[in-house]
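# Chain and residue survey
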Amino acid sequence: HVQLVESGGGSVQAGGSLGPSCAVSGYTYPRGCLGWFRQAPGKEREGVAAIDSDGIASYADSVKGRFTVSRDNAKNTVYLQMNSLKSEDTALYYCAAGNYYAEYNYWGQGTQVTVS
């Protein structure tokens, strides 16, 4: 079955950087999408970034120019490089795997990112 495990979160000062990664196993959609989401206390889940099988990425307006999503298919890993972090970025970040239409059905447990 599909399993996603995030790692690399932590606490940083505003303006700092973090680069969490997500190891994916059992993913059987050859042209599927991998995405990063976040959820802060009291707020709804928010899509942060996504990348398709061709490496084409999309981003939420709030993180454009600061975050970069990438994937390494050989390593079955998706990354999220987060620069110029703001306190508003504080949330539980988790990755998800979906099909070609970005219908995400598999989720990791999340990694905490705290910016102060």
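Here, the structure is the one placed above.
My aim in this report is to walk through the structure given alongside it, one point at a time.

Basis of the calculations
- Residues numbered from 1 in each chain as written.
- Predicted model: local features only at pLDDT ≥ 70, side-chain atom pairs only at ≥ 80, totals over all residues.
- Heavy atoms only, no water.
- Helix = DSSP H or I, 4+ residues; strand = E, 2+ residues; numbered from the N terminus.
- Rg over C-alpha atoms; globule rule 2.2 N^0.38 Å.
- Buried < 20%, exposed > 50% of the residue type's maximum accessible area, 1.4 Å probe, protein only.
- Contact = heavy atoms within 4.5 Å.
- Lys, Arg positive; Asp, Glu negative; His and termini not counted.
- Charge placed at Lys NZ, Arg CZ, Asp CG, Glu CD.
- Pairing = 2+ DSSP bridges.

### Examining the overall build of the chain
- When you go through the chain residue by residue, the secondary structure sums to 0 helices and 11 strands.
- When the helices and strands of the chain are placed in sequence order, the string is β-β-β-β-β-β-β-β-β-β-β.
- For 116 residues, the compact-globule estimate of 2.2 N^0.38 gives 13 Å, and the C-alpha radius of gyration of the chain, at 13 Å, lies within 12% of that figure.
- Counting every position in the chain, which comprises 116 residues, the buried fraction comes to 43%.
- Once local pairs closer than 6 in sequence are excluded, the contacts in the chain between residues at least 24 apart make up 53%.
- Charge separation in the chain, taken as the distance between the mean sites of 9 positive and 10 negative side-chain charges, equals 3 Å.

### Concerning the pairing of strand E11 (residues 111–115)
- Across the two faces of E11 the burial differs, with Thr 111, Val 113 and Val 115 buried and Gln 112 and Thr 114 not buried at all.
- In terms of strand pairing, strand E2 (residues 10–12) meets E11 through 3 bridges, oriented parallel. Among the inter-strand pairings, Val 12 is bridged to a residue of E11, identified as Val 115.

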